[in-house]
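# Fold and geometry: a report
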Amino acid sequence: MNENVLKWGGVGIIGILAAVAVVLFIQRGAHLDLPGHFLKVRTAPLSDDYSLVAIDFRVSNASDYPAVVRNVLIYAEDKNGARLAGKTIADPDAKRLFDQLPILGQKFNSSLILQDKIPGHATWDRMIAATFEVPEAKLAERKRFVVAIEEIDGRIFEIVEH
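This write-up is about the structure you can find in this document. (Residues numbered from 1 in each chain as written. Predicted model: local features only at pLDDT ≥ 70, side-chain atom pairs only at ≥ 80, totals over all residues. Heavy atoms only, no water.)

## Observations regarding the overall build of the chain
Helix and strand counts for the chain stand at three helices and nine strands. In sequence order, the secondary structure elements of the chain are arranged as α-β-β-β-β-β-α-β-β-α-β-β. In terms of C-alpha radius of gyration, the chain reaches 23 Å, well past the compact-globule figure of 15 Å for 162 residues. Expressed along its principal axes, the backbone C-alpha trace of the chain runs to roughly 85 × 35 × 25 Å. Relative to its 162 residues, the chain shows a buried fraction of 36%. As displayed, the chain offers around 9800 Å² of accessible surface, 57% of which is attributable to carbon and sulfur atoms. Across the chain, 19 positive and 21 negative side-chain charges occur, with their mean positions spaced 3 Å apart. (Helix = DSSP H or I, 4+ residues; strand = E, 2+ residues; numbered from the N terminus. Rg over C-alpha atoms; globule rule 2.2 N^0.38 Å. Buried < 20%, exposed > 50% of the residue type's maximum accessible area, 1.4 Å probe, protein only. Areas by Shrake-Rupley, 256 points an atom, 1.4 Å probe, with all protein chains shown as cover. Lys, Arg positive; Asp, Glu negative; His and termini not counted. Charge placed at Lys NZ, Arg CZ, Asp CG, Glu CD.)

Shown next as structure tokens:
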């Protein structure tokens, strides 16, 4: 009798593991994730105490569902890990700044804006621009820039400069 209990107990455990594996397999696209990386970082002085940062980046939506953008922020992170938030620039203003500041070069990508819907399994090249209340030399000493994308449900996904 002890042998039957062990045999059927093992069969039951295998059945439960198979059911869990099937559920996990079916749910694989339900997890929202927005991985990405920087393509290009450009900085320019606006005055002695203000600087402009424009970041071109690639973001992917690895899930089966669209991701709706609620907010996008840029942070400059110093060597100690302290973050300084930039003031995001609207896309029409960014276009004017690129026209006015030839040091930035050409504006390659559209800005990632509020209410943008990144479809499931899509990859987008976008840019974001922001001003910082620090001289450009201070931004040059940074550890890295961080682009924080807040999704409509409140989750924040960060793309960091390497």
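## Remarks on the nonpolar core
Counting 26 residues, the largest nonpolar core has Ile-55, Phe-57, Phe-132, Phe-145, Val-147 and Ile-149 as the members making the most contacts within it. Looking at this core, the elements that each hand over two or more residues are β2 (51-60), β3 (67-77), β7 (123-132), β8 (144-151) and β9 (156-160). Sorting elements by how many residues they give to this core places β3 first, with five residues. Of all hydrophobic cores here, the second largest spans 10 residues; its members include Ala-44, Leu-52, Phe-98 and Ala-129. (Core = buried A, V, L, I, M, F, W, Y, C linked by side-chain atoms within 4.5 Å.)

## Here's the deal with the pairing of β7
β7 sits mainly inside the fold: eight of its 10 residues count as buried. The pairing of strand β5 (residues 87-88) with β7 spans two bridges and is antiparallel. When the sheet's bridge partners are listed, Lys-87 is paired in β7 with Thr-131. (Pairing = 2+ DSSP bridges.)

## Some thoughts on the side chain of Lys-107
Examined against the element boundaries, Lys-107 turns out to sit in the loop between α2 (91-100) and β6 (117-118). A polar contact of 3.0 Å, which involves the side chain of Lys-107, links it to the side chain of Asp-91. At a separation of 2.7 Å, a polar atom in the side chain of Lys-107 contacts the main-chain carbonyl oxygen of Asn-109. Not counting the four nearest positions on each side in its chain, Lys-107 is found in contact with Asp-91, Ala-94, Lys-95, Phe-98 and Met-127. (Polar contact = N/O pair within 3.5 Å; in protein donor to acceptor, adjacent residues only side chain to side chain. Contact = heavy atoms within 4.5 Å.)

## Examining the pattern of salt bridges
Here the structure, examined in full by the defined rule, presents 12 salt bridges. Salt-bridge contacts for Glu-77 lead to Lys-143; the nearest nitrogen and oxygen are separated by 3.9 Å. Placement of the pair is Glu-77 in strand β3 and Lys-143 in the loop between α3 (136-140) and β8, with a sequence separation of 66 residues. The buried category is assigned to Glu-77, whose relative accessible area is 5%. Accessibility expressed as a relative area gives 48% for Lys-143, which makes it partly exposed. (Salt bridge = Lys/Arg side-chain N within 4 Å of Asp/Glu carboxyl O.)

## Topic: the side chain of Asp-116
With respect to the helices and strands, the residue Asp-116 is situated in the loop between α2 and β6. Buried charged residue Asp-116 carries no salt bridge. Nearest counter-charge: Arg-126, at 4.3 Å. If near-sequence neighbours (up to four positions away) are discounted, Asp-116 is found in contact with Ala-67, Val-68, Val-69, Ser-111, Trp-124 and Arg-126.

## Side note on the pairing of β3
For β3, a buried count of eight out of 11 residues is recorded, marking the element as mostly surrounded by other parts of the structure. In the sheet, β3 pairs with β6 via two bridges, with the strands oriented antiparallel. Looking across to β6, one finds that Val-68 is bridged to Lys-117. The pairing of β3 with β8 spans eight bridges and is antiparallel. Paired with Asn-71 across the two strands is Glu-150, which belongs to β8. Connecting the antiparallel pair β3 and strand β4 (residues 83-85) is a turn made up of five residues, with Gly-81 showing a positive phi of about 95°.

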